[in-house]
Amino acid sequence: MGREEKKQLTKERILHEARDLFFTKGYEATTTEEVAKKADIGIGTLFNYFESKAELLVEVFAEEFVDDMDVMDYKITESDHEREVSDLVYHYIYRRVERYTHFSKTLFRDMMGIAVHAFQSKPEILKKFVGLDFMLVDELIVFMNHLKDEEMLCQSFDSNQAAEIIYSSLGFEFLMYLYQEELTMEDFLSGIRRKIEFILGEKATIR
C-alpha cells in the first residue's frame, strides 16, 4: 500500500471515529484526544489532518452528506403513479434528511456556529458547503425532471425554479426549528411537507 493510500485510510478512520463520538456524546463532550485514541493514532497525527476539533466536525457533516448523495437512487414504480407528486417529492427529500432527524438541536447549533467561524478562517470550507448545496438542488432537479418524463408533472413545469424554492423553504424551516425551542422535528418535517404541497399545486401536476 502506497503512502497516499495510507494517508487516505487514516483520514477516513479519524472521520469515522469522530462521527461516532460527536453523534453519541455531543460536540462539547468529545475531545480530540478521544478521537485520536479511538483512531489508534497520536494526537499530533490527528492535527496533521485537521487543524481543530471544529474543522473535524464540519468535515464529518460534509462527508455524511456526500455519502448520502452516493447511495440515493429513487426509481418511480407503478404504484407511485397513484400517489400525489408532492408526496413523492417530500419522501424523496425525507430520505435525504432522515439520518439527521435523530440529532439534537444542540449538535446542529454547534455545527452552525463552528461552520461560520471556519468559513471565515478557511474559505475553502465554505466553497465545499456551497458545492454540497448545489449538489442537492441539482439532484432534486433531476428527480422532478424524471417525474416530467413519467408525465406526472406538466411539461411546462420549471424544475429548476421549483428545486431552488423547495431548497430555500427547507433552509427556512430548519432555522425555525433550530432557534424556536418549542418546535419539534415533527414540526420541521410538517412545515416542509406543507410548502412542497403549496409549490407543487394543481397547476403543476397532471391528474
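Heads up: these notes are all about the structure in this document. (Residues numbered from 1 in each chain as written. Predicted model: local features only at pLDDT ≥ 70, side-chain atom pairs only at ≥ 80, totals over all residues. Heavy atoms only, no water.)

### Here we look at the packing of helix H5 (residues 85-97) against helix H9 (residues 185-199)
Closest axis-to-axis distance for the H5/H9 pair is 9 Å, and the angle between their directions is 145°. Between H5 and H9 the crossing geometry is right-handed. Between H5, through Ser-86, Asp-87, Val-89, Tyr-90, His-91, Ile-93, Tyr-94 and Val-97, and H9, the contact on the second element is made entirely by Leu-189, Ile-192, Arg-193, Ile-196 and Glu-197. (Axes fitted to C-alpha atoms, helices over the stretch in contact; angles between N-to-C directions. Helix = DSSP H or I, 4+ residues; strand = E, 2+ residues; numbered from the N terminus. Left-handed = near helix turned anticlockwise from the far one by under 90°. Contact = heavy atoms within 4.5 Å.)

### Comments concerning empty space enclosed by the protein
This structure, assessed with the given rule, holds one cavity of 30 Å³ or more. Computed from the structure, the largest cavity encloses a volume of approximately 80 Å³. Broken down by secondary-structure element, the contributors of at least two residues to the lining of the largest cavity are H5, helix H7 (123-149) and helix H8 (159-179). Considering only residue class, the lining of the largest cavity consists of nine nonpolar, no polar and two charged. (1 Å grid on protein atoms, 1.4 Å probe; cavity = no way out; pocket = protein on both sides within 12 Å on 5 of 7 lines; lining within 4 Å. Points joined across faces, edges and corners; volume = space filled by probe spheres on them. Nonpolar A, V, L, I, M, F, W, Y, C, P; charged D, E, K, R; others polar.)

### What to know about the nonpolar core
Residues Val-89, Met-144 and Leu-147 are the most contacted members of the largest nonpolar core, which totals 57 residues. If you list the elements that add at least two residues to this core, you get helix H1 (3-25), helix H2 (32-38), helix H4 (53-71), H5, helix H6 (105-121), H7, H8 and H9. (Core = buried A, V, L, I, M, F, W, Y, C linked by side-chain atoms within 4.5 Å. Buried < 20%, exposed > 50% of the residue type's maximum accessible area, 1.4 Å probe, protein only.)

### Some thoughts on the packing of aromatic side chains
Inspection of every chain in the model, using the stated rule, returns six aromatic pairs. Aromatic side chains Phe-22 and Tyr-27 sit 5.7 Å apart centroid to centroid with 35° between the ring planes, which places their arrangement in the tilted category. Considered together, Phe-22 and Tyr-27 belong to a single accessibility category, that of buried residues. Ring geometry for Phe-108 against Phe-174: centres 5.1 Å apart, planes inclined by 85°, an arrangement best described as edge-to-face. Pair noted here: Phe-108 is in helix H6 and Phe-174 is in helix H8, with a separation of 66 residues, a long-range link. As far as the burial class goes, Phe-108 and Phe-174 line up, both buried. A connected cluster of aromatic rings, assembled from ring pairs, spans Phe-108, Phe-174, Tyr-177 and Phe-188. The residue whose ring lies beneath Lys-105 is Tyr-177, and the NZ or CZ to ring-centre distance is 4.6 Å. Its guanidinium or amino end placed over the ring of Tyr-90, Arg-193 lies 4.0 Å from that ring's centre, counting from NZ or CZ. (Phe/Tyr/Trp six-rings, centres within 6.5 Å; stacked < 30°, edge-to-face > 60°. Lys NZ or Arg CZ within 6 Å of the ring centre and 35° of its normal.)

Geometric values such as these leave the question of function open.
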